[in-house]
Amino acid sequence: MWRAVGLRELLNLGVVIARGDLQRYARGQDGFTARFEQRLARLVGVRHALTVNSGSNALIAALAAAGIGPGDEVLVPAYTWVSTALAPLAVGAVPVLVNIDESLTIDPQDIERKITPFTRAIVPVHMQNAVCNMDAVMAIARRHRLLVIEDACQAVGVRYKDRRVGGIGDLGVFSFNQHKNMSAGEGGAVLTNDDRWFERARMFHDPGAFIRGHAPTDEPLFSALNCRVSELTGAVLHAQLGRLEPMLNTLRARYPGVAKLFAGQPHCRPSPHNDPENAVALSVLFDDPQEAKAFGQTRGAGRLIDTGRHVFTNWEAVLSKRWFHDRMNPHRWAPREVHYRAEDYQTTLDILARTCRVSLGARYPAPVMLLQKETLRAAIARRSAQREGALA
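This text gives an overview of the structure that appears in the document. If you're wondering where the values come from, they're calculated on a predicted model, not measured in any experiment.

### Notes on the nonpolar core
Part 1 of the reasoning: Core analysis: the biggest nonpolar cluster contains 112 residues, and Leu-40, Phe-262 and Phe-295 have the highest contact counts within it.
Part 2 of the reasoning: In terms of residue count, helix α8 (residues 231–262) provides more of this core than any other element does, eleven residues in total.
Part 3 of the reasoning: Beyond its immediate stretch of four places on either side in the chain, Leu-40 contacts Ala-49, Phe-174, Phe-176, Ala-189, Leu-191 and Leu-241.

### Topic: the sheet that holds strand β10 (residues 268–270)
Part 1 of the reasoning: With antiparallel pairing, the four strands of this open sheet are ordered in space as β10-β11-β13-β12. Each edge of the open sheet is held by one strand with a lone partner, namely β10 and β12 (301–303). Neighbour to neighbour, the strand axes of the sheet diverge by 25° on average, direction disregarded.
Part 2 of the reasoning: Pairing analysis gives three bridges linking β10 to strand β11 (residues 282–286), with the strands arranged antiparallel. Counted as the bridge partner of Pro-270 is Val-284 from β11.
Part 3 of the reasoning: α8 rests against β10, β11 and β13 (355–358) of the sheet, and its axis sits at about 10° to β11.
Part 4 of the reasoning: Of the strands in this sheet, β11, β12 and β13 touch helix α11 (residues 346–353), which is tilted by about 50° from β13.

### Thoughts on the pattern of salt bridges
Part 1 of the reasoning: Scanning the model with the defined rule gives 24 salt bridges in all.
Part 2 of the reasoning: Of the charged contacts, one joins Lys-161 and Asp-135 as a salt bridge, the two residues approaching to 2.5 Å between their closest N and O atoms. Here Lys-161, found in the loop between β6 (159–160) and β7 (163–164), pairs with Asp-135, found in helix α6 (residues 134–144); they are 26 residues apart in sequence, far enough to count as distant.
Part 3 of the reasoning: Residue classification places Asp-135 among the partly exposed residues on the basis of a relative accessible area of 43%.
Part 4 of the reasoning: Between Arg-322 and Glu-316 there is a salt bridge, with the nearest N and O atoms lying 3.3 Å from each other.
Part 5 of the reasoning: By relative accessible area, which is 55% here, Glu-316 ends up exposed.

### What to know about a nonpolar patch on the surface
Part 1 of the reasoning: A grouping of Leu-7, Leu-10 and Leu-11 is seen on the molecular surface, where their side chains present a nonpolar patch of about 330 Å² in accessible area.
Part 2 of the reasoning: Here Leu-11 is to be found in helix α1 (residues 7–19).
Part 3 of the reasoning: Residue Leu-11 is classed as exposed on the basis of its relative accessible area of 53%.

### Section: helix α7 (residues 195–205)
Part 1 of the reasoning: Burial runs high along α7: nine of the eleven residues are buried.
Part 2 of the reasoning: Turning to α7, its buried residues number three or more, namely Trp-197, Phe-198, Glu-199, Arg-200, Ala-201, Arg-202, Met-203, Phe-204 and His-205.
Part 3 of the reasoning: Where α7 is buried, its residues touch β1 (48–52), α3 (55–65), β5 (147–151), β8 (171–175) and β9 (188–192).
Part 4 of the reasoning: If you check the start of α7, you find a side-chain oxygen 3.0 Å away from the backbone N of Arg-196, and it comes from Asp-194.

### Some details on α3
Part 1 of the reasoning: Of all eleven residues in α3, nine are buried; the element is thus mostly enclosed.
Part 2 of the reasoning: Residues Gly-55, Ala-58, Leu-59, Ile-60, Ala-61, Ala-62, Leu-63, Ala-64 and Ala-65 constitute the buried set of α3.

Basis of the calculations
Sequence order sets the numbering: in each chain, residues are counted from 1 along the sequence as written. The predicted nature of this model means local features are confined to residues of pLDDT at least 70 and side-chain atom pairs, given and counted, to a pLDDT of 80 or more, with totals for whole chains, interfaces and linings taken over all residues. Side-chain calculation: all heavy atoms of the structure are included, whereas hydrogens and water are not. The criterion is simple. A nonpolar core is a set of buried Ala, Val, Leu, Ile, Met, Phe, Trp, Tyr and Cys residues joined through side-chain atoms within 4.5 Å. For every residue, the accessible area (1.4 Å probe, protein chains only) is compared with the maximum for its type, and the residue is labelled buried under 20%, exposed over 50%, or partly exposed between those bounds. By the criteria applied, helices consist of DSSP H or I runs no shorter than four residues and strands consist of E runs no shorter than two, each listed in order from the N terminus. In what follows, residue pairs with any heavy atoms lying within 4.5 Å of each other are defined as contacts. The criterion for strand pairing is that DSSP finds at least two bridges linking the strands in question. Orientation is described by axes fitted as lines to C-alpha atoms, over the contacting stretch for helices, and by angles from 0 to 180 degrees between their N-to-C directions. Any carboxyl oxygen of Asp or Glu that lies within 4 Å of a side-chain nitrogen of Lys or Arg is treated as forming a salt bridge with it. Like charges within 9 Å and nonpolar side chains (Val, Leu, Ile, Met, Phe, Trp, Tyr) within 5 Å are joined into patches, using only residues over 30% in relative accessible area that form no salt bridge. For accessible areas, the Shrake-Rupley method is used with a probe of radius 1.4 Å. Any residue's cover is judged against the shown protein chains and nothing else. Any pair of nitrogen or oxygen atoms within 3.5 Å is treated as a polar contact; in protein, a donor-acceptor pairing is required on top of that, and neighbouring residues in sequence qualify only through side-chain atoms on both sides.

Listed below in structure tokens is the structure:
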């Protein structure tokens with residue numbers, strides 16, 4: 001059976017505790033955190049990776065590193081964890097919501113509709129391991145001279161065509177909280193190929209950056225936050241990285257067999273995927289929201305409209321336009337009023353109401369996965385019989 005945490009993590013933690021050096025910079029490039037960053041950068045195919053204490057702070061650090069700030073608008077999907085929309089506010093910018101398409105990721109056509117003279121960046125989100133149409137997103141960004149900050153918090157290690165997500169945009173971010181592909185309980189990372197943005201992210205995440213012995217830089221030092229991790233977090237992540245590819249391979253191998261259960265069904269179908277060859281996540285799109293609601297009660301499934309703060313209608317802190325201090329509220333200095341009207345995002349709400357996530361069981365052994373498939377097959381047959389009975 002797949003284990004998310006085990007002996008490797010325990011051994012690494014034991015080494016750190018035995019050394020007594022719990023601070024990430026105590027052992028320089030020989031520490032677990034530094035070595036994890038080097039391995040992560042190689043895996044994703046970027047020059048730089050910086051470990052921070054959460055995916056939320058990784059987003060904020062990436063925006064700050066890229067110079068996003070007051071007066072700027074940042075395009076974010078209306079279906080994502082709420083932090084994606086809160087991060088622009090943290091640097092003084094304003095989030096502008098964009099509809100998703102049936103792939104459950106940001107709709108390139110709606111991106112085009114939401115661009116204004118004040119737009120500075122796009123944040124495509126690879127939701128629940130389903131990848132965005134990055135070819136389209138990058139083409140739009142280049143055409144309009146926008147930055148792309150890739151939110152791959154829910155898709156660590158996943159591929160889009162011949163590249164890893166998080167390494168396609170100008171900057172990328174990961175999360176390592178309890179529910180992600182890799183977990184240290186909490187944690188995150190900023191990834192980029194740009195030397196200057198990396199220096200700025202490193203400054204932003206550590207107010208003591210100027211005493212760490214980093215290579216000299218021409219980037220002026222600026223006031224910063226403390227988003228560092230401890231060496232304990234780095235030790236766990238260093239062990240976790242070895243578990244990532246086998247887990248993704250398991251999901252990739254299981255996708256075709258489970259997707260086949262829904263292919264050809266009269267009232268539902270697998271959600272479209274922007275790279276089916278590398279699919280490691282499965283969702284099912286129903287014709288009728290009530291069908292999706294009923295199927296969502298099946299073990300191993302869940303309707304997406306019911307996933308709390310992943311749905312923009314539940315983002316009270318964003319929709320209310322309140323900030324911790326009114327004079328610091330980014331909406332006060334925004335060049336135009338940005339509206340968050342539910343009627344503008346009915347496309348997103350309709351898709352979420354008709355879509356169910358189906359677990360591929362990364363942590364299930366093969367026999368349990370077979371039982372899961374039988375459960376899904378029975379649920380499909382039951383819903384079909386109920387529908388036929390209702391029509392009779």
